[in-house]
Amino acid sequence: MKREEQIKNLKDFYDLIIIGGGSSGLALALDASSRGYETLLLERYDFSKGTSSRSTKLLHGGRYLAQGNLSLVYEALHERNQLLINACNLSKKRKFIIPAKSFFKAFYYFIGLKLCDFLAGKFNIGKAKYLNKEKSKNSLKNIKKEELQYGFKS
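This write-up is about the structure you can find in this document. This structure is a prediction, so every number in the text was calculated from the model and none was measured. (Residues numbered from 1 in each chain as written. Predicted model: local features only at pLDDT ≥ 70, side-chain atom pairs only at ≥ 80, totals over all residues. Heavy atoms only, no water.)

**Focus: the overall build of the chain**
Now for step 1: Each helix and strand in the chain was counted, giving 7 helices and 5 strands.
Now for step 2: Taken from N to C terminus, the helices and strands of the chain fall in the order α-β-α-β-α-α-α-β-α-β-α-β.
Now for step 3: Pairs at least 24 apart in sequence give 49% of the contacts found in the chain among residues at least 6 apart.
Now for step 4: Summing over all exposed atoms, the chain offers an accessible surface of approximately 11100 Å²; the carbon and sulfur share of this is 57%. (Helix = DSSP H or I, 4+ residues; strand = E, 2+ residues; numbered from the N terminus. Contact = heavy atoms within 4.5 Å. Areas by Shrake-Rupley, 256 points an atom, 1.4 Å probe, with all protein chains shown as cover.)

Laid out in structure tokens, this is it:
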């Protein structure tokens, strides 16, 4: 087998070849094929193997905030806006609640969420809000209520 010849043959059959079947690769393949492009998705292992720990930004960049990488958080938040506009069939706004058992954790989450609000700028999709103990308990079903002290929703 000659590599160059094989690659040329692939180009004759497909409009788009995506290397990597993680969350981004799968989304690209789905979007391209739904638009009528002949699409080939190549993956070394199994599709979506390890994507939650490596490639996905979950459209918010929170993991990068915890690492202190503010430029990547900024980029992720602005990419989120582009995805919500350009790929509205693949991305949706979701509300979430973060429970906290201690004041320190609640303060940590509060600062992080407010920093994300600030970095998103005009592309912010909802301000983070503090929930008191009672509202947190009523909003969360599968958590030990006696341990819940604070909560935030976005």
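**A closer look at the packing of aromatic side chains**
Now for step 1: Counted under the stated rule, the structure contains 2 aromatic pairs.
Now for step 2: Ring centres 6.2 Å apart and planes at 20° place the aromatic pair F103 and F107 in the stacked group. Placement of the pair is F103 and F107 together in helix α6 (residues 103–120), with a separation of 4 residues, close to one helical turn.
Now for step 3: Given a relative accessible area of 44%, F107 falls into the partly exposed group. (Phe/Tyr/Trp six-rings, centres within 6.5 Å; stacked < 30°, edge-to-face > 60°. Buried < 20%, exposed > 50% of the residue type's maximum accessible area, 1.4 Å probe, protein only.)

**Brief notes about the pairing of strand β2 (residues 39–42)**
Now for step 1: Where strand β1 (residues 16–19) meets β2, 4 bridges bridge the pair, whose relative direction is parallel. Among the inter-strand pairings, I19 is bridged to a residue of β2, identified as L42. (Pairing = 2+ DSSP bridges.)

**Quick word on the nonpolar core**
Now for step 1: Among the nonpolar cores identified, the biggest contains 7 residues, and these are Y64, L65, V73, L77, C116, L119 and A120.
Now for step 2: Put simply, the parts of the chain that give this core at least two residues each are α4 (62–66), α5 (70–86) and α6.
Now for step 3: Sorting elements by how many residues they give to this core places α6 first, with 3 residues.
Now for step 4: The residues touching L65, leaving out its near neighbours within four places in the chain, are L70, V73, G112, L115 and C116. (Core = buried A, V, L, I, M, F, W, Y, C linked by side-chain atoms within 4.5 Å.)

**Comments concerning the side chain of H78**
Now for step 1: Note on placement: H78 falls in helix α5.
Now for step 2: When neighbours within four sequence positions are excluded, H78 is seen to be in contact with L119, A120 and F123.

**What to know about the packing of α5 against α6**
Now for step 1: Here α5 crosses α6 at 65°, and the two axes come no closer than 9 Å. When you trace α5 past α6, the crossing you get is right-handed. Every residue of α6 that contacts α5 at L70, V73, Y74, L77, H78 and R80 is listed here: L115, C116, L119 and A120.
Now for step 2: Of the residues that constitute the contact of α5 with α6, the class distribution is 8 nonpolar, 1 polar and 1 charged. (Axes fitted to C-alpha atoms, helices over the stretch in contact; angles between N-to-C directions. Left-handed = near helix turned anticlockwise from the far one by under 90°. Nonpolar A, V, L, I, M, F, W, Y, C, P; charged D, E, K, R; others polar.)

**Section: the pattern of salt bridges**
Now for step 1: Within this structure, the stated rule accounts for 2 salt bridges.
Now for step 2: For D31, the salt bridge is made with R35, and the minimal N-O distance between the two is 2.9 Å.
Now for step 3: We classify D31 as buried; its relative accessible area is 17%.
Now for step 4: Here D117 makes a salt bridge to K114, at a shortest N to O gap of 3.9 Å. Highlighted residues: D117 and K114, both in helix α6, separated by 3 residues, approximately one helical turn. (Salt bridge = Lys/Arg side-chain N within 4 Å of Asp/Glu carboxyl O.)

**So, the environment of G126**
Now for step 1: Positionally, G126 belongs in the loop between α6 and β4 (129–131).
Now for step 2: Residues G126 and K93, 33 residues apart in the sequence, show an inter-C-alpha distance of 9.3 Å.

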